[in-house]
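Coordinates in review
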Amino acid sequence: MNWLREDRASAMVLTLVLAPLLLVTLAGVLQLGALRVATARVRAAADLAALVAVNDQDDAELARSGVLRLSADAADVAREYFARELELSSSLLNGATAEIAAAADVAAYPVAPAYDTRTGARYERPTVRIAAQVPVRTPVLGALVLRPVTIVDVFAVSSPR
Amino acid sequence: MMRRTVTAILAMLAVWSSPALAWDPFREEGGYELPEPAPEPDPAPYIAPPPGIYYVTETYVADVVTSSGPLTTYSTSTVHESTGSYARALGTVGTGASSPFDGSAFNGRRALGDGRAVAGTYYESYVLTAGGFVPVSIVFFQDDAEIARVLAATPTPSPITPPWLPTSPAATSRPSPSTCCAPEPSGAPVARPTPSPIRPVRPGISLLPTGAPLASVEVLRARAVSLYPRAFVDEREIPVRSWSIVAGDAGEALVTADVGGAPFRTSWLRLAPPGSAYELLFRIEVDTPETGHRTVDAPIAVVVRSPALER
């Protein structure tokens, strides 16, 4: 029975050596998955905010000229709804949603064609653009001697087509 | 040491587990208790109208001239409708008096039988924009009356009967001989009225009752829109008796024909093919002394757009 005991011992050693490695790998994979989910939700928040802002049109200009034109407060509307949408994912974020939205670069181009001052892109329609850096909590990555907060870059552009 | 490390890692995972790890994309369909939504603040702050400007609940439809025996009344028909616009009274002007706003009203200012301008009040319409109240047009609400004179030797043109006003069974711009109390002298030569030349009618479609006529209009998909068929003679608006849509995709409209003053209300749920538009053709019926009973067609191109994302 000695050989059996020796084999059990070697299995125990192997388990003790590999288990932490497997657990760390599992935790890292789960954290990366969570980061992907958080990224998707933050981008969806920016997309929805841009769509809502584009849906807010200048009715007086429409009655006068028959042409769709962004409302004068389109950028404010985009920023406000960006904060509202981020609120749904606030547990994933490292910071207040209002502060994140306030720091976002939101631009409205009510008259087309227009050129984006940030990217140089040409817009053929009245456009709302949101560019933001959203801090997402990644505690497991932080425990693994990586950054506990990961910055997610989001960029959303919307126009009526 | 290893056991302590494993325990620490497991505890760390349990404590720092994020709700996103168990995020359910279909949680809206039930199974979760959604937080009570907080009352949303109004994104557009309320802007109080300046003194003198009030919200319009009675919208101008047409100038009305009615006759009852020797009395001819000049009034204005309205419809109880709120178009979202505002108005301010510019001033009331008496019979024959001049006003600095003469010629600025889109519906003009009529004259009595003796040539004097009718009395009434000028109003200026406003729309509320982000920048404040913007004036869009001036309208004259006539309010006057005159007693007919016996004009046997100079009969007036044919009577006006505004059939678009159900409450006005008989209306004339001037008292006609048939309604006048003075009998026509028998045997005396009677000057027949010279028919006035038919004047061109310019149709138009606008988004507001007093807005500018448009040849094309962009609308957002599924957004309710009202189009007002209108008619003009020499830059002066005349009443529309009725209108109907004779061609084009009317969208989700419930009514495609109505009386003048009533808008065409619709929305479009589908976009037109890329690069094209819905071409609507309104048939507008007018019946005024200067135009006679006529129908004119007013086309308008409707471009339906939808907010979309770009990458």
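From a predicted model like this one, the values you see are computed outputs, not experimental measurements. (Residues numbered from 1 in each chain as written. Chains lettered and ligands numbered in written order. Predicted model: local features only at pLDDT ≥ 70, side-chain atom pairs only at ≥ 80, totals over all residues. Heavy atoms only, no water.)

**A word on the sheet that holds strand 5 (residues 149–160) of chain A**
Rule in force here: The pairing criterion is simple: DSSP has to find at least two bridges between the two strands. Numbering of helices and strands starts at the N terminus; helices are DSSP runs of H or I of at least 4 residues and strands are runs of E of at least 2. Lines fitted to the C-alpha atoms define the axes, with helices restricted to the stretch that makes contact. Angles between their N-to-C directions range from 0 to 180 degrees. Should any heavy atoms of two residues lie within 4.5 Å, those residues are counted as being in contact.
As summarised here, the arrangement of the four strands in space is 1(A)-4(A)-5(A)-17(B), forming an open sheet in which the pairing is antiparallel. Single-partner strands in this sheet number two, and they are strand 1 (105–109) of chain A together with strand 17 (307–310) of chain B. Within the sheet, the average angular offset between the axes of one strand and its neighbour, ignoring direction, is 25°. Alignment of strand 5 of chain A against strand 17 of chain B, held across four bridges, turns out to be antiparallel. Residue pairing in the sheet places Ser158 of chain A in a bridge with Leu309 of chain B of strand 17 of chain B. Each of strand 1, strand 4 (127–137) and strand 5 of chain A is contacted by helix 3 (residues 74–87) of chain A, which is oriented at about 25° to strand 4 of chain A, the strand it contacts most.

**Thoughts on the interface of chain A and chain B**
Often, the extent of an interface is quoted as the loss of accessible area upon association of its parts. Our working rule: Accessible area, probed at 1.4 Å, shrinks when two parts are joined; the buried area is that loss added up over both. Within this document, salt bridges are pairs made up of a side-chain nitrogen of Lys or Arg and a carboxyl oxygen of Asp or Glu, the two lying within 4 Å of each other.
Contacts between chain A and chain B engage 40 residues on the former and 38 residues on the latter. Between chain A and chain B, the buried area comes to about 3,500 Å², and carbon and sulfur atoms account for 63% of it. Sorting the residues of chain A by area buried against chain B places Leu23, Ala63 and Arg161 of chain A first, and these three jointly supply 17% of that buried surface. Here chain A and chain B share one salt bridge between them.

**Examining the pairing of strand 7 (residues 144–147) of chain B**
All names here are of chain B. Stated formally: A simple rule labels every residue: compare its accessible area, found with a 1.4 Å probe on the protein chains alone, to the largest value its type can have, and call it buried under 20%, exposed over 50%, or partly exposed in between.
Alternating residues of strand 7 divide into Asp144 and Glu146, all buried, and Ala145 and Ile147, none buried. The pairing of strand 3 (residues 71–80) with strand 7 spans four bridges and is classified as antiparallel. Opposite Tyr74, over in strand 7, you have Asp144 as the bridge partner.

**Side note on the sheet that holds strand 6 (residues 132–142) of chain B**
Residues and elements named next belong to chain B. One open sheet accounts for four strands, arranged 1-4-5-6; its pairing is antiparallel. Strands with a single pairing partner mark the edges of an open sheet, and in this sheet they are strand 1 (53–55) and strand 6. Put simply, the sheet's adjacent strands are angled 30° from each other on average, direction ignored. Bridge count for strand 1 against strand 4 (residues 85–93) is three bridges, and the pairing is antiparallel. Note that in strand 4 the partner of Tyr55 across the bridge is Tyr86.

**Some points on the pairing of strand 10 (residues 225–233) of chain B**
Residue and element names in this part refer to chain B. The element strand 10 is largely enclosed, with a buried count of eight among its nine residues. The pairing of strand 8 (residues 202–206) with strand 10 spans five bridges and is antiparallel. Within the sheet, the bridge partner assigned to Arg202 lies in strand 10 and is Phe232. Of the pairings in the sheet, the one linking strand 10 to strand 14 (residues 264–266) comprises three bridges and is antiparallel in character. In the strand pairing of strand 14, Val225 is matched with Thr266. As paired strands, strand 10 and strand 11 (residues 236–238) are joined by three bridges and run antiparallel to one another. Residue pairing for strand 11: Ala231 is matched across the bridge by Ile238. Turn length for the strand 10-strand 11 hairpin, with the two strands adjacent in sequence and antiparallel, is two residues, and the turn residue Asp234 shows positive phi of about 55°.

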